[in-house]
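Letter by letter, the chains look like this.
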Amino acid sequence: MAKVYGQTVFEQYLQANRRSKELNDRARSLLPGGITRTSVYFDPFPPYMEYGVGCRIHDVDGNERIDFSNNYTALILGHCPPAVVNAVQAQVTRGSAFAAPTRHEIDLAEVIAERIPSVRRVRFASSGTEAVMFALRLARAFTGCRKIAKAEGGFHGTSEYAAVSVSPDLDLAGDARTPVSLAAAQGVPDRVVEDVVVFPFNDIDATEAIVRRHRGDLAAVIVEPVLGSSGMIPARPDYLQALREITAQNGVLLILDEIITLRLAPGGAQSIYGVTPDLTVMGKIIGGGYPVAAFGGRAEIMALLDPEGGRPPIPQSGTFNGNPIGMIAGLATLRQLTPAVYDRLNGMGDDLRRRLRDLFSRKRVAAQVTGMGSLLNLHFSGVEVTDFRTMRTGDGGRLRQVFFGLLNEGIYLAPRGMACLSTAMGDEEVLAFVRATERALET
Ligand SMILES: Cc1ncc(COP(=O)(O)O)c(C=O)c1O
C-alpha cells in the first residue's frame with residue numbers, strides 16, 4: 001500500500017495532543033470548530049494552551065513549545081514580560097475601565113506620536129479591524145469619495161470593506177495586472193465589493209494604472225508595508241514611495257496598515273521606507289499583549305472625530321477604547337523597545353532567514369524564506385515570492401507536513417508558515433528552529 005503523504009507526523013501529533021482533542025470535541029458543541037478565531041484553527045484541531053512564559057508556551061497535554069507565533073506577531077516581548085506584568089498588576093486593583101478618559105491614554109499617545117511623526121493626532125480602538133474601519137471611514141468622509149483600493153491578498157481585518165480579495169480563488173480572480181474584486185466571505189454586500197478596487201502588490205505600473213482609472217471615486221489606497229497574511233512579503237524598496245507619489249498626484253489618501261510592521265522599527269516601516277502616509281493604522285504590539293489598536297495621522301483628517309462644538313462628523317465609540325490596562329501594557333512594552341532592542345531582534349531575524357535559506361539549499365529543497373526584521377514565512381516554492389499570486393505557487397501539502405513536523409519538534413508557528421521572533425529569544429531558539437526544520441524536512 002502506498003504510504004500516505006506525511007502520515008506519521010500527523011499520527012504523532014494526534015498521540016501527543018489527546019487532551020487538546022478532548023477539549024476540541026467538547027468545544028465543538030458550542031463554538032463552531034471548537035475555536036473562536038479562524039486563524040488559530042487547523043485540521044484536525046489546534047493544541048489548547050495552558051500558559052506561556054517568555055518564549056515558551058505549554059499546552060494542556062504538557063507539551064512545551066517555543067512560540068514563534070507570538071499571537072500572530074503581537075507579543076514582541078514574548079509572554080508575561082515582567083515590566084508589563086508589574087505595570088498591569090499595579091492597575092488591576094485600581095479599575096479596569098471607566099466611562100471617562102485617563103492619563104494613560106495620553107501617555108501612550110505621546111509615545112506613539114513621538115516615534116511616528118506622521119501621526120499628528122491619534123485615537124485608540126480595541127481591535128485592528130475597528131481601527132481600519134475608522135481609517136477608511138475617515139478617508140471617505142474627508143475626500144467625499146466612496147471607493148477604497150487595497151492589494152490583492154492584503155489583510156486589514158474583517159470589516160466589510162476589508163473583506164475583499166483577501167485570499168481569492170485564482171480561477172475567479174482574473175488577470176494578474178487587473179485583479180477582480182472578490183468577496184472574502186459570504187454576506188459581504190455586492191455593493192461593498194464594487195467599491196473596493198484591487199491592485200497587484202509590488203507592481204508599480206499596474207497599481208498606477210488602476211489608481212488612475214478610479215481617480216475621482218477613490219478615497220484611499222490602504223496597504224501593508226509587508227504583506228502579512230499572504231506570506232510576509234516585503235514591499236520592494238521603491239514600491240511604497242511610488243504609491244505615495246501616485247496617490248498624491250491623483251488626490252487619493254494613502255493609509256499604511258502598520259499593525260504588524262510596527263515590529264520593524266520604533267517609527268514603523270514608514271521610517272524604513274521613507275514614506276509619509278496620510279493615515280496609519282496600528283495594533284498588536286502597541287497593546288503589550290492586550291486588545292489595543294489605534295489609527296492616526298494628519299490633524300485635518302482626524303479633526304472629523306473632534307466633538308468640540310457638537311456632534312462630530314464621525315463619532316467614535318467603543319466601550320473599552322483607551323482602557324487603562326491596555327494603555328499601561330502598551331506603554332510598558334514600547335518603553336522596552338529601544339532602538340538597540342529593535343536592532344538585536346531584527347538581527348536575529350536576518351540570522352534565522354539566512355540559516356534557513358542555507359538549509360534549504362544544502363538539502364536541495366525548493367523553498368523561499370520571505371520576511372523582514374523579526375518577521376518571516378516559509379514557502380515551498382521554486383518561484384520567487386513577491387505577491388499574492390507567487391505565494392500561491394507554494395506546495396501546501398509540503399508546508400502542512402513541515403508545520404506538523406515542527407509542532408512535534410516543539411516549535412509553534414502559524415499553519416501558513418509564518419513565524420516571528422520575540423525579544424525573549426536568543427541564539428538558542430534561532431538554532432532550535434533551524435534544527436527542527438531540518439528534522440521536519442526528513443519526515
Ligand atoms: C495587517 C493587519 N491589519 C489588520 C488586522 C486586524 O487586526 P485585529 O485582529 O486586531 O482585528 C491584522 C490582524 O492580524 C493585521 O495583521
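If you're wondering where the values come from, they're calculated on a predicted model, not measured in any experiment. (Residues numbered from 1 in each chain as written. Predicted model: local features only at pLDDT ≥ 70, side-chain atom pairs only at ≥ 80, totals over all residues. Heavy atoms only, no water.)

Here we look at the site of the ligand
Here's step 1: Contacts to the ligand come from Ser127, Gly128, Thr129, Phe155, His156, Gly157, Glu224, Asp257, Ile259, Ile260 and Lys284.
Here's step 2: The contact in question runs from a nitrogen atom of the ligand to an N or O atom on the backbone of Phe155, over 3.4 Å.
Here's step 3: Between an oxygen atom of the ligand and a side-chain N or O atom of Lys284, the distance comes to 2.7 Å.
Here's step 4: Compared with its free state, where it exposes 390 Å², the ligand has 78% of that area covered by protein.
Here's step 5: Considering only residue class, the shell around the ligand consists of three nonpolar, five polar and three charged. (Near = heavy atom within 4 Å. Polar contact = N/O pair within 3.5 Å; in protein donor to acceptor, adjacent residues only side chain to side chain. Areas by Shrake-Rupley, 256 points an atom, 1.4 Å probe, with all protein chains shown as cover. Nonpolar A, V, L, I, M, F, W, Y, C, P; charged D, E, K, R; others polar.)

Re the environment of Thr333
Here's step 1: One can find Thr333 in helix 12 (residues 324–336).
Here's step 2: For the pair Thr333 and Ile285, spaced 48 residues apart in sequence, the C-alpha to C-alpha distance is 7.5 Å.
Here's step 3: Each residue touching Thr333, except ones within four places of it in the same chain, is listed here: Ile76, Leu77, Val84, Ile285 and Gly288. (Helix = DSSP H or I, 4+ residues; strand = E, 2+ residues; numbered from the N terminus. Contact = heavy atoms within 4.5 Å.)

Overview of the nonpolar core
Here's step 1: Ranked by internal contacts, the top residues of the largest apolar core, which has 63 residues, are Phe68, Ile112, Leu352, Leu356, Phe360 and Phe380.
Here's step 2: What Leu356 contacts, discounting residues up to four positions off in sequence, is Val369, Leu376, Leu378, Phe433, Val434 and Thr437.
Here's step 3: One finds Val197, Val226, Leu254 and Ala269 within the second-largest nonpolar core, a separate group that totals 37 residues. (Core = buried A, V, L, I, M, F, W, Y, C linked by side-chain atoms within 4.5 Å. Buried < 20%, exposed > 50% of the residue type's maximum accessible area, 1.4 Å probe, protein only.)

Points about the pattern of salt bridges
Pairs may arise between side chains of opposite charge once their charged atoms sit close together.
Here's step 1: One pass over the structure, following the stated rule, counts 21 salt bridges.
Here's step 2: Note that Asp43 and Arg400 form a salt bridge whose closest N and O atoms lie 3.9 Å from each other. Of this pair, Asp43 sits in the loop between helix 2 (18–28) and strand 1 (49–53) while Arg400 sits in helix 15 (residues 396–408), and the two are 357 residues apart along the sequence.
Here's step 3: Residue Asp43 is classed as partly exposed on the basis of its relative accessible area, which comes to 45%.
Here's step 4: Through salt bridges with shared partners, a single ionic network connects Arg56, Glu64, Glu428 and Glu429. (Salt bridge = Lys/Arg side-chain N within 4 Å of Asp/Glu carboxyl O.)

Re the sheet that holds strand 12 (residues 293–297)
Here's step 1: Pairing in this open sheet of seven strands is mixed, and the strands run 4-12-11-10-7-5-6 from one edge to the other. The open sheet has two edge strands with one neighbour each: strand 4 (121–125) and strand 6 (196–199). Neighbouring strand axes in the sheet, compared pairwise and without regard to direction, differ in orientation by 20° on average.
Here's step 2: Examined bridge by bridge, strand 10 (residues 253–257) and strand 11 (residues 279–282) share three bridges and lie parallel to one another. By the bridge assignment, Asp257 is partnered in strand 11 with Val281.
Here's step 3: Sheet contacts for helix 8 (residues 204–214): strand 5 (147–151), strand 6 and strand 7 (218–223); angle to strand 6, the most-contacted strand, approximately 160°. (Pairing = 2+ DSSP bridges. Axes fitted to C-alpha atoms, helices over the stretch in contact; angles between N-to-C directions.)

Some points on the packing of helix 15 against helix 16 (residues 427–442)
Here's step 1: Across the interface, helix 15 lies against helix 16 with an axial gap of 9 Å and an inter-helix angle of 125°. By the angle between their directions, the pair helix 15 and helix 16 is classed as oblique. At the point where helix 15 passes helix 16, the crossing takes the right-handed sense. Here helix 15 contributes Arg398, Val402, Gly405 and Leu406 to the contact with helix 16, which in turn contributes Phe433, Ala436, Thr437, Ala440 and Leu441.
Here's step 2: Residues that form the contact of helix 15 with helix 16 fall into these classes: six nonpolar, two polar and one charged. (Parallel < 35°, antiparallel > 145°, perpendicular 65-115°, else oblique. Left-handed = near helix turned anticlockwise from the far one by under 90°.)

Describing the sheet that holds strand 16 (residues 418–420)
Here's step 1: Across the sheet, three strands lie side by side as 13-14-16; this open sheet has antiparallel pairing. Unpaired on one side and paired on the other, strand 13 (368–372) and strand 16 mark the two borders of the sheet. Each strand axis lies, on average, 25° off the axis of its neighbour in the sheet, ignoring direction.
Here's step 2: Two elements, strand 13 and strand 14 (residues 375–379), share five bridges in a ladder whose sense is antiparallel. Paired with Gly371 across the strands is Leu376, a residue of strand 14.
Here's step 3: Set on the sheet, helix 13 (residues 339–362) makes contact with strand 13 and strand 14; between it and strand 13 the angle comes to about 170°.

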